[in-house]
Amino acid sequence: QVQLVESGGGLVQPGGSLRLSCTASGSIFRINDMGWYRRGPGKQRELVAVVTNGGRTNYADPVNGRFSISRDNAKNTVYLQMNSLKPEDTAVYYCKAAGLEYSGRYFESWGQGTQVTVSS
């Protein structure tokens, strides 16, 4: 079983920055994609950004140019640097990872979520 633990959420003023981290642990042979999703108040969960094992990235249009996703494969950790934050970025942010366990079983795991609130 693979577990994900997120950190770095909090309250920030509009225009400010936050950095989220998410570390995977367990019987991990390889992690393929790692990504961040969010669920805003009254909204469905949506993709924010994803990074492949090889480092290719993809961003949702609302965050493109303001957010940056990166990963440290040696630490099984993915980061989300969020700059120029807006009130509409307020949401619970979830980390997701998919890959293979040593048993050969495919896994797809989610973190517990971390709250990001952008408000003056």
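One structure accompanies this document, and this report is about it. (Residues numbered from 1 in each chain as written. Predicted model: local features only at pLDDT ≥ 70, side-chain atom pairs only at ≥ 80, totals over all residues. Heavy atoms only, no water.)

### Quick word on the nonpolar core
Membership of the largest hydrophobic core comes to 30 residues, with the highest contact counts inside it found for Trp-36, Leu-80, Met-82 and Tyr-93. Mapped onto this core, the elements with two or more residues apiece are strand E1 (2-7), strand E3 (18-26), strand E4 (28-39), strand E5 (46-51), strand E7 (67-72), strand E8 (77-82), strand E9 (91-101) and strand E11 (114-118). (Core = buried A, V, L, I, M, F, W, Y, C linked by side-chain atoms within 4.5 Å. Buried < 20%, exposed > 50% of the residue type's maximum accessible area, 1.4 Å probe, protein only. Helix = DSSP H or I, 4+ residues; strand = E, 2+ residues; numbered from the N terminus.)

### Considerations on the side chain of Thr-77
In this fold, Thr-77 is placed in strand E8. Accessibility expressed as a relative area gives 5% for Thr-77, which makes it buried. A distance of 2.9 Å separates a polar side-chain atom of Thr-77 from the backbone oxygen of Lys-75. The contacts of Thr-77, once residues within four sequence positions are left out, are Cys-22, Thr-23, Met-34, Ser-70, Arg-71 and Asp-72. (Polar contact = N/O pair within 3.5 Å; in protein donor to acceptor, adjacent residues only side chain to side chain. Contact = heavy atoms within 4.5 Å.)

### Let's talk about the pattern of salt bridges
In this structure the tally under the stated criterion is 5 salt bridges. Between Arg-38 and Asp-89 there is a salt bridge, and its shortest N-O distance comes to 3.0 Å. Residue Arg-38 is found in strand E4, and its partner Asp-89 is found in the loop between E8 and E9; the two are separated by 51 residues along the sequence. When its relative accessible area of 5% is taken as the criterion, Arg-38 is described as buried. Among the ionic pairs, Glu-101 bridges to Arg-105, the shortest N-O distance being 2.7 Å. Each member of the salt-bridge network shares a partner with another, and the members are Arg-38, Glu-46, Arg-66 and Asp-89. (Salt bridge = Lys/Arg side-chain N within 4 Å of Asp/Glu carboxyl O.)

### What to know about the pairing of E5
Where E4 meets E5, 5 bridges bridge the pair, whose relative direction is antiparallel. Residue Trp-36 lies in a different strand from E5, and its bridge partner there is Ala-49. Hairpin connection, E4 to E5: the antiparallel pair is bridged by 6 residues, and Gly-42 has positive phi, about 70°. Looking at chain direction, E5 and strand E6 (residues 57-59) are connected through 3 bridges and run antiparallel. By the bridge assignment, Val-51 is partnered in E6 with Thr-57. Taken together, E5 and the strand that follows it, E6, pair antiparallel across an intervening segment of 5 residues, in which Gly-55 is found at a positive phi of about 100°. (Pairing = 2+ DSSP bridges.)

These figures come from the coordinates and say nothing about function on their own.
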